[in-house]
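Summary of the model geometry
If you want the building blocks of each chain, they are given just below.
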Amino acid sequence: MTERPIPDLAILDTRVYRGANIWSYEKAIHLVVDLGALEQYPTNTIPGFTDNLLQMLPGLREHSCSRGRRGGFVERLNEGTWLGHVAEHTALALQQVVGHDIRRGKTRQVKGQPGHYNVVFGYVDEQVGLAAARLAVRLVNHLVAADPEFDWEQELEAFILRAERTAFGPSTQAILDEAVSRDIPWIRLNQYSLVQLGQGVHAKRIRATMTSATSAIAVDIASDKDLTTRLLGAAGLPVPKQDSVRTADQAVRAADRIGYPVVIKPLDGNHGRGVCLDLQNGDDVREAFPIAQEQSRRGVIVVESFITGKDYRCLIIDGRVAAIAERVPASVTGDGTTTVRGLVDLANADPRRGVGHEKVLTRIKVDDAAVDLLRDQGLGLDDVPAEGLTVKLALTGNMSTGGISIDRTFEAHPENVEIAEEAARMVGLDIAGIDFICPDITEPVRETGGAICEVNAAPGFRMHTHPTIGEPQFIAKPVVDMLFPPGATSRIPIVAVTGTNGKTTTSRMISHIFKGMGRKVGMTSTDGVVIDERLLIRADASGPRSARMVLQNPRVDFAVFEVARGGILREGLGYERNDVAVVLNVQPDHLGLRGIDTVEQLADVKAVLVEAVPRDGHAVLNADDPLVRAMRRRCSGQVVWFSMEDPGSETREMIDAHCRRGGKALVLNPSERGEMIVVKHGPREMQLAWTHLLPATFSGRARMNVQNALAAAAAAFAAGAPLHDIRQGLRTFSTNYYLSPGRLNEVEVNGINVIVDYCHNAPGMKMLGDFVDRVGDSLASSHELARPSRIGVIATAGDRRDQDMCELGAIAARHFDVVIVREDEALRGRARGEVAGFVAEGVRAAMAEGARCKQVEEVHAEIDAVRHALSRANRGDLLVLCVDQHAAVMSELENWSPQAQAGAGVSPDAPAADPDYDPAPTDA
């Protein structure tokens with residue numbers, strides 16, 4: 001007998017992508033699995049594996065896999081495929097078992113790591129998807145080892161119950177399906193049925209069948225059955241006689257006044273709980289009273305006249321009848337040979353019946369009330385009813401108690417329809433369930449007798465969307481029509497910005513332009529979440545969770561998201577798509593983290609934003625960057641180029657050809673007066689602004705901000721902003737601390753020219769160095785006696801590669817006379833002094849090759865490094881501070897004084913920095 005392999009398939013890492021990601025355009029779960037010894041055992045080498053798997057999950061026979069036809073995956077199993085691939089399909093099949101129609105998945109080997117595989121598959125519910133992944137791995141290991149301890153039936157039942165706990169009810173799901181069909185985005189706000197439809201200022205909320213438009217007063221009225229009956233009676237609508245009581249004696253006296261038979265029910269009950277019908281005398285009332293009282297939160301019981309007839313539910317949506325169903329109480333029909341208990345088991349075996357709202361019908365429950373009802377009919381559970389005899393098991397026709405429904409939408413008499421609609425208006429509900437008891441809904445209730453016995457807030461849709469008999473009614477449509485009338489928008493414009501450097505400044509420029517247009521802008525960046533120029537959260541908010549926070553804010557009508565590499569790799573995008581994607585540049589940074597080892601792989605991560613652009617959207621791409629330029633092939637919408645190249649260059653020729661085909665671009669046209677930003681759209685060219693007149697560019701010397709301004713203007717143009725608003729926004733945006741904290745903030749301290757910036761990587765240092773050279777030359781030309789010194793305080797993050805740290809130092813050495821190396825407070829796994837050591841090593845290596853720098857020092861603490869640099873600088877010098885905690889640094893600069901300077905910057909008398917520094921009240 002062939003020895004079975006060791007079942008050591010294991011999950012090494014799990015990621016949940018909640019939006020577009022590097023693997024898929026839609027949300028997905030990503031597993032990194034290790035096959036271990038199973039790497040040597042494809043499926044066709046494991047005895048009985050395929051047959052047993054298909055027996056447990058027959059739905060796998062429908063999977064097409066890469067073959068593109070039914071049964072394709074079975075072919076792969078028989079030919080031999082690896083068990084990571086099997087785990088992917090098993091996870092999909094398990095989700096399909098619980099009704100999640102997901103078919104997206106892929107499995108790829110991890111490069112350079114034999115036996116390790118990336119397993120990616122879609123999901124509907126995150127927790128269900130994760131549970132499916134774990135069970136899929138256990139099942140594969142069981143099939144490999146034939147583990148007798150593994151109980152498949154028990155495991156599958158536990159998985160199904162887990163899925164039911166988080167699944168939406170049929171009413172919520174019907175509304176969501178209709179919303180999705182109209183391209184309305186939705187966000188689940190809790191683990192139950194609270195859901196947001198739409199984004200920002202357009203958002204509406206639903207909870208089951210209650211909506212943002214549902215009146216709280218109306219819900220209170222509907223919950224008070226006594227008040228509801230009095231209001232409807234005062235409006236001349238047919239209602240039963242009733243009274244409210246608190247004790248059994250009061251109930252009997254009320255029943256005597258009203259006249260038998262009567263009904264008693266809790267004042268604030270629902271779903272038919274505690275309702276006792278057809279009570280013929282005082283003894284019946286006393287016996288039923290505790291049943292109703294048990295279901296009443298307020299302890300108030302309603303006694304009302306018993307109206308004979310059929311039970312009808314009229315669903316009113318936005319003032320009009322949307323559906324009518326006849327509700328038939330749970331019952332079985334005798335066959336002359338089977339007991340009542342057996343008939344119930346046969347009825348519950350119907351595949352349409354499930355637990356709660358799991359399926360279109362609910363299983364019939366045999367409780368004490370059902371036994372009592374059987375006794376009234378002269379039967380017990382073990383008795384055999386005569387053939388054709390209908391045996392009632394419940395008095396109320398609620399679906400939740402096992403009843404069935406018959407669609408009667410188009411059979412109701414117009415007068416009855418008017419009565420139901422008027423009842424909903426009297427209570428004030430936008431969505432209401434009106435319960436009619438009458439002999440026949442096709443005849444006027446005022447003539448045949450009958451009454452409205454209840455008005456329900458948040459009525460269930462299941463009896464209408466999945467009637468047992470009759471045609472289903474698409475009642476979610478009028479609900480969504482009410483929330484989003486035809487022509488109404490549900491989305492807010494989303495501009496997403498990514499790149500290695502310049503993301504934050506570009507995002508702020510775009511936000512500033514649209515704020516000037518009167519828009520309520522929600523922005524996320526590495527500094528925090530800003531809503532309408534008010535900082536809500538101070539943190540690195542460039543990830544997907546912050547984006548979802550903005551989309552949930554009811555004030556926001558325009559969103560600008562800074563999107564970082566880490567968030568994309570960790571969770572994907574926090575939204576479905578962006579109207580405008582801006583990619584500034586792709587340069588070597590953050591390499592060696594989360595499987596991204598090359599700049600080309602980093603470009604693939606950044607390109608997720610471009611892939612998330614819809615057909616009517618735009619991708620704003622840097623034509624000067626080859627990696628960004630190549631992303632045009634991934635864009636479904638239009639490409640808007642921006643370039644700093646001169647006319648006549650190869651890049652400009654490509655852009656000119658693009659515009660001749662009707663495309664859009666923003667370019668620089670140099671002249672004797674300076675550089676003009678020009679908007680090109682088809683054959684038209686429109687002048688936007690001189691770069692030297694834009695405050696953020698420091699008279700054109702800050703080339704990185706010239707590029708950022710081009711990108712911001714291109715994004716605003718693509719988003720529909722008029723040129724005069726774009727021009728005004730760029731002309732009023734500056735790099736002062738209030739508009740752009742930590743990005744090229746210029747401060748004068750005792751005659752020292754100080755620049756505060758967030759530069760932290762080698763590509764950024766190249767751009768900052770170019771700016772330092774231009775500013776330094778300008779300062780030198782204005783000083784007649786001595787050439788001003790350039791002092792730089794630099795640092796980088798501890799998660800960068802050693803060679804990247806050295807490169808940062810080498811570049812800084814080419815532009816500064818003195819380099820002071822500090823360290824961030826968060827060392828990211830490094831030892832204190834290790835990061836500074838590598839940076840300083842790069843500086844010394846450049847000095848040995850003749851770089852400008854003449855001295856390098858290490859002062860690890862950030863504020864100590866700032867004080868030391870200030871103490872070394874003289875009036876007229878240029879001091880560049882590359883900061884981590886910009887607020888604390890700005891506080892130190894404002895507090896700096898000649899006395900502190902005399903103390904060499906490290907004196908105990910030196911003013912302490914305030915980490916929450918805010919130099920003046922600001923809404924930014």
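For the structure itself, consult the block above.
Now for a description of the structure that goes with this document. This one's a predicted model, so the numbers in the text were calculated from it and none came from an experiment. (Residues numbered from 1 in each chain as written. Predicted model: local features only at pLDDT ≥ 70, side-chain atom pairs only at ≥ 80, totals over all residues. Heavy atoms only, no water.)

A look at the sheet that holds strand β12 (residues 301-305)
The strand order across the open sheet built from four strands is β9-β12-β10-β11, with neighbouring strands paired in antiparallel fashion. Pairing within the sheet leaves two strands with one partner each, and these edge strands are β9 (242-245) and β11 (276-279). In this sheet, neighbouring strand axes are inclined to one another by 20° on average, regardless of whether the strands run parallel or antiparallel. Summarising the sheet, strand β10 (residues 262-266) and β12 pair through five bridges and their orientation is antiparallel. (Pairing = 2+ DSSP bridges. Helix = DSSP H or I, 4+ residues; strand = E, 2+ residues; numbered from the N terminus. Axes fitted to C-alpha atoms, helices over the stretch in contact; angles between N-to-C directions.)

Let's talk about empty space enclosed by the protein
Under the defined criterion, the tally for this structure stands at four cavities of 30 Å³ or more. Its boundaries defined by the atoms lining it, the largest cavity holds a volume of some 80 Å³. Lining the largest cavity are Pro588, Asp589, His760, Asn761, Ala762, Pro763, Thr796, Arg800, Asp804, Glu807 and Leu808. When contributions to the lining of the largest cavity are tallied by element, the ones reaching two or more residues are α26 (762-782) and α27 (802-813). Looking at the lining of the largest cavity, the element that brings in the most residues is α27, giving three residues. Across the lining of the largest cavity, the residue classes tally to four nonpolar, three polar and four charged. (1 Å grid on protein atoms, 1.4 Å probe; cavity = no way out; pocket = protein on both sides within 12 Å on 5 of 7 lines; lining within 4 Å. Points joined across faces, edges and corners; volume = space filled by probe spheres on them. Nonpolar A, V, L, I, M, F, W, Y, C, P; charged D, E, K, R; others polar.)

Quick notes on the packing of aromatic side chains
For the coordinates displayed, the defined rule picks out five aromatic pairs. Seen in terms of ring centroids, Phe514 and Phe558 are 3.9 Å apart; in terms of plane orientation they differ by 20°. Their pairing is stacked. Of this pair, Phe514 sits in helix α17 (residues 503-516) while Phe558 sits in strand β26 (residues 558-562), and the two are 44 residues apart along the sequence. Note on Phe514: relative accessible area 1%, which makes it buried. Classification of Phe558 by relative accessible area gives buried; the value is 1%. Each ring, one from Phe698 and one from Phe771, has its centre 5.1 Å from the other, and the planes form 65°; the classification is edge-to-face. (Phe/Tyr/Trp six-rings, centres within 6.5 Å; stacked < 30°, edge-to-face > 60°. Buried < 20%, exposed > 50% of the residue type's maximum accessible area, 1.4 Å probe, protein only.)

Comments concerning the packing of helix α24 (residues 703-718) against helix α25 (residues 723-732)
Relative orientation of the contacting elements α24 and α25 amounts to 150°, with a least axis distance of 10 Å. Taken together, the axes of α24 and α25 are roughly antiparallel relative to one another. When the axes of α24 and α25 are compared, the crossing they make is right-handed. Of α25, the residues touching α24 (which contributes Ala709, Ala713, Ala716 and Phe717) are Leu723, Ile726 and Leu730. (Parallel < 35°, antiparallel > 145°, perpendicular 65-115°, else oblique. Left-handed = near helix turned anticlockwise from the far one by under 90°. Contact = heavy atoms within 4.5 Å.)

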